[in-house]
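Take a look at the letters that make up each chain.
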Amino acid sequence: MTAPEAVAPPPGASAAQAGRTQKARSTTRRGRSDGRPPLRKVLRRDWQIYSLAVLPLIFFLVFRYLPMLGNVIAFRRFRPGGSIFGDEWVGLRYVQMFLEDPTFWKVFGNTLALGALSLLVCFPLPIILALLLNEVRSRYFKRFVQTVSYLPHFLSIVIVAGMLMQILSLEGTVNQILGFFGGDAISFLQQPEWFRTIYVSSEVWQTVGWGTILYLAALTTVDASLYEAARIDGANRWSQTWHVTLPGIRPTMVTLLILNIGAFMAVGFEKILLIYNPMTYPTADVISTYLYRVGLVSNNFSYAAAIGLFEAIIGLTLILSANAISRRAVGASLW
């Protein structure tokens, strides 16, 4: 076996530079300096595993990243039948339009209100349900509760909206119960003051059970010896939950909180579109439904693109801010 040829340092190079050059070339031939194999070798060895990521990457490239090029029409006048990137540069005209539009600020306020209510109500409830299920000792009862709470997640939004219309109609189940106790029928779906309660309640019913899955999985990773040590110190069940269980699942809680804050502005478009009506616009109309009417119904695509870009920037700012605050405050973050 022949010895590797010596690599001559460049003219005028010092001994240290020559040593670094030799080390870099030696690392390139034999692998990384930290002992890990080169990327080409890893890809050749585990290509079957990496091939599983091809389709998801293609999906995100085609349906998530390429459509971002269309945001340019927020600054160009788009006419149906013309160029997909707009026909005329108008700068910030459409941005100025929605900033001066009182209807936009009304739907923006509705979006903030529904997003805040959904976050405040729907985020802690899965944690509470998971903690309660974790204390249940009957395996069959625990499975029954889990099954019943998971099922609404698998229902179509159309089915959920149809159920809400049937239950809350003037002759629906709720009004029949009110009539049985001598109360008057209430048109829940036609009164703006009831819409937020209906929306948040349906979100709780549909998402809380499914949200407990991650927390139940996180609870299984908490070290059992910590509970034993807490009991030796005289801690009751509440103290064990507060000082052992919740800190143990804190990374999961922080990750899901950051993701929920990132989706703060993306209030459920499908459900709102199916159950709202012009009578409930004062509290039900949000940015996504307003975009639908402005963009697809009125064919004002450039104006809708400007509003959508504004919403996306707010969402990006929220998730970056929440991640930075979490990393500094509790030491856990999404990245």
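Visitor: Help me out: how do you make sense of the overall build of the protein chain in this one?
Guide: Scanning the protein chain from N- to C-terminus turns up 18 helices and two strands. Evaluated residue by residue, the protein chain yields a buried proportion of 30% over its 335 residues. Considering only intrachain contacts with a sequence separation of at least 6, the fraction spanning at least 24 residues in the protein chain is 62%.

Visitor: Explain the pattern of salt bridges to me, please; I cannot follow it from the model alone.
Guide: Pairing is possible between side chains of opposite charge, provided their charged atoms come close. Tallied over the entire structure, the rule returns six salt bridges. A salt bridge links Glu135 to Arg237, with the nearest nitrogen and oxygen atoms 2.6 Å apart. Taken as a pair, Glu135 in helix H7 (residues 124-135) and Arg237 in helix H13 (residues 237-248) lie far apart in primary sequence, 102 residues in all. Exposure remark for Arg237: the relative accessible area of 39% places this residue in the partly exposed category. Note that Asp285 is salt-bridged to Arg293, the shortest N-O span being 2.6 Å.

Visitor: Help me out: how do you make sense of the packing of aromatic side chains in this one?
Guide: In this structure the tally under the stated criterion is 19 aromatic pairs. Each ring, one from Phe104 and one from Phe310, has its centre 5.8 Å from the other, and the planes form 65°; the classification is edge-to-face. Separated by 206 residues along the polypeptide, Phe104 in helix H6 (residues 102-122) and Phe310 in helix H18 (residues 301-329) bring together distant segments of the chain. The class of Phe104 is buried, set by a relative accessible area of 0%.

Procedures and definitions
- Residues numbered from 1 in each chain as written.
- Predicted model: local features only at pLDDT ≥ 70, side-chain atom pairs only at ≥ 80, totals over all residues.
- Heavy atoms only, no water.
- Helix = DSSP H or I, 4+ residues; strand = E, 2+ residues; numbered from the N terminus.
- Buried < 20%, exposed > 50% of the residue type's maximum accessible area, 1.4 Å probe, protein only.
- Contact = heavy atoms within 4.5 Å.
- Salt bridge = Lys/Arg side-chain N within 4 Å of Asp/Glu carboxyl O.
- Phe/Tyr/Trp six-rings, centres within 6.5 Å; stacked < 30°, edge-to-face > 60°.

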